[in-house]
Amino acid sequence: MRTISSAAVTDAVARLCVRANTQLPPDVVAALARSRREEPWPLAQETLGLLWDNLELAGEKELPICQDTGMACVFVELGQEVHIQGDFEQAIHTGVQRGYGEGYLRKSIVADPLRRVNTGDNTPAAITLRLVPGNRCTITVAPKGFGSENMSRLAMLKPADGVEGVRRFVVDTVKQAGSNPCPPVVLGVGIGGSFDKVAAMAKHALLRPIDQPNPDPFYAALEAELLEEINGLGIGPQGFGGRTTCLGLAVETAPTHVAGLPVAVNVSCHVTRRASTEL
């Protein structure tokens, strides 16, 4: 048994909140750089150049890449041989409070969805906890902006809709979103499970580096086909046209009921943020 203090959890989360908001993951940076080299449409090239300049300045000056510093989505893989000394969830919330305060990050969370009073410190965090073997604790902070989150969709398809139905739904989601999610986008796609699980899978899919295809060749091929079709829509960076509508997408799947085919698409913009640490 290994003990980790709640203070260590708070410190880690605070650091991750700032890092995630000021530095994009290397795979997203590489995809953006590749798009700049390969994009043929001049206006799209110019737009991608502006996004790149913004990214570089954010890194140099340790400023937020985007003014929407997001809801703090915190994913934890907690080893079964780890004992957390103190209140684990409160430690995460306190880390978010501290990180968003010390990093001068925008506070965007309202305490009630209808009465709309801001909590003032970007808490509570949205926590997803998974128990895993071992004595380590891995924490990932993935701030999620709502310009893209609001474009996300879920459908309970019929089994007869099959792979073509899933393909149509994913592509149609991007079509309907248009320029609203600040493309180029990154997509997390969940297929299977239940109504609630498929949405969670779509969000979790955004944690997989976009240069890592699905380990199942069938779904890796589906990811490649979807990416090609979406980039053929012509929406382009910020909706100005071109070949760069989507930087990458990841599909996650789960067993489902014989009568169902749930599918969810979690839309993210090019500022797909995630930062991880292991305690």
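Figured I'd write up the structure that's included with this text.

Cut-offs and rules
Residues numbered from 1 in each chain as written. Predicted model: local features only at pLDDT ≥ 70, side-chain atom pairs only at ≥ 80, totals over all residues. Heavy atoms only, no water. 1 Å grid on protein atoms, 1.4 Å probe; cavity = no way out; pocket = protein on both sides within 12 Å on 5 of 7 lines; lining within 4 Å. Points joined across faces, edges and corners; volume = space filled by probe spheres on them. Helix = DSSP H or I, 4+ residues; strand = E, 2+ residues; numbered from the N terminus. Nonpolar A, V, L, I, M, F, W, Y, C, P; charged D, E, K, R; others polar. Patch = residues over 30% accessible without salt bridge, like charges linked within 9 Å, V, L, I, M, F, W, Y side chains within 5 Å. Areas by Shrake-Rupley, 256 points an atom, 1.4 Å probe, with all protein chains shown as cover. Salt bridge = Lys/Arg side-chain N within 4 Å of Asp/Glu carboxyl O. Expected span 1.5 Å × (residues − 1). Buried < 20%, exposed > 50% of the residue type's maximum accessible area, 1.4 Å probe, protein only. Contact = heavy atoms within 4.5 Å. Polar contact = N/O pair within 3.5 Å; in protein donor to acceptor, adjacent residues only side chain to side chain. Core = buried A, V, L, I, M, F, W, Y, C linked by side-chain atoms within 4.5 Å. Pairing = 2+ DSSP bridges. Axes fitted to C-alpha atoms, helices over the stretch in contact; angles between N-to-C directions.

Focus on the layout of surface pockets
Remark: the empty space left among the atoms is shown by a probe the size of a water molecule rolled over them. Each pocket or cavity is described by its volume, and for the largest pocket that value is around 450 Å³. The wall of the largest pocket is formed by 18 residues, among which F75, E77, R130, H204 and L207 lie closest to the centre. A per-element tally of the lining of the largest pocket places helix 7 (residues 195–205) first, with 5 residues. Its residues assigned to classes, the lining of the largest pocket comprises 7 nonpolar, 5 polar and 6 charged. Here the second largest pocket is characterised by a volume of approximately 350 Å³. Looking at the second largest pocket, it is lined by 27 residues, and the ones nearest its centre are C66, S148, C269, V271 and R273. Counting only elements with at least two residues in the lining of the second largest pocket, the list comes to helix 3 (42–61), strand 5 (137–144) and helix 5 (146–149).

Section: a nonpolar patch on the surface
Together, W41, L43 and F240 make up a nonpolar patch on the protein surface, roughly 300 Å² of accessible area in all. Along the chain, the position of F240 falls in the loop between helix 8 (217–231) and strand 8 (246–256).

What to know about helix 4 (residues 88–102)
End to end, helix 4 covers 21 Å across 15 residues, agreeing with the expected 21 Å (1.5 Å per residue, within 8%). Turning to helix 4, its buried residues number three or more, namely F88, A91, I92, H93, G95, V96, G99 and Y100. Looking at the buried residues of helix 4, the elements they touch are helix 1 (6–22), strand 2 (71–79), strand 3 (82–85), strand 4 (126–132) and strand 5. The opening residue of helix 4, the one whose side-chain oxygen lies 3.4 Å from the backbone nitrogen of E89, is D87. Y104 lies just past helix 4 and shows a positive phi near 50 degrees.

A look at the nonpolar core
Within the largest apolar cluster, 25 residues are counted, with the highest numbers of intra-cluster contacts made by V9, V13, V74, V76, I92, V96 and I139. Elements that contribute at least two residues to this core include exactly helix 1, strand 2, strand 3, helix 4 and strand 5. A total of 6 residues in this core trace back to one element, the largest contributor, which is helix 1. The contacts of I139, once residues within four sequence positions are left out, are V9, V13, L16, V74, F75, V76, A275, S276, T277 and L279.

A few points about the sheet that holds strand 7 (residues 185–193)
In any sheet, the strands associate via hydrogen bonds between backbone groups, in a parallel or an antiparallel arrangement. Reading across the sheet, the 4 strands line up as 6-9-7-8 and stay open at both edges, with mixed pairing between neighbours. Either end of the sheet is taken by a strand with one partner, and the two such strands are strand 6 (153–157) and strand 8. Taking the axes of each pair of neighbouring strands and ignoring which way they run, one obtains an average angle of 15 degrees across the sheet. By the bridge criterion, 5 bridges tie strand 6 to strand 9 (residues 261–268) in an arrangement that is antiparallel.

A look at the side chain of S148
The topology assignment puts S148 in helix 5. A distance of 3.3 Å separates the side chain of S148 from the backbone oxygen of V267, its partner in a polar contact. In contact with S148, not counting residues within four places along its chain, are P181, V267, S268 and C269.

Let's talk about the sheet that holds strand 2
Read from one edge of the open sheet, 4 strands run 4-2-5-10, paired in mixed fashion. Two strands bound the open sheet, and with one partner strand each, they are strand 4 and strand 10 (275–278). Across the sheet, the mean angle separating the axes of adjacent strands is 15 degrees when strand polarity is ignored. Relative to strand 4, strand 2 runs parallel, the two being bridged by 7 bridges.

Structural notes on the environment of T123
Topologically, T123 is positioned in the loop between helix 4 and strand 4. For the pair T123 and G59, spaced 64 residues apart in the sequence, the C-alpha separation amounts to 25 Å. Among all residues touching T123, those that are not within four sequence positions of it are H93, V96, Q97 and I109. Only 2.5 Å separates the side chain of T123 from the side chain of D121, close enough to count as a polar contact.

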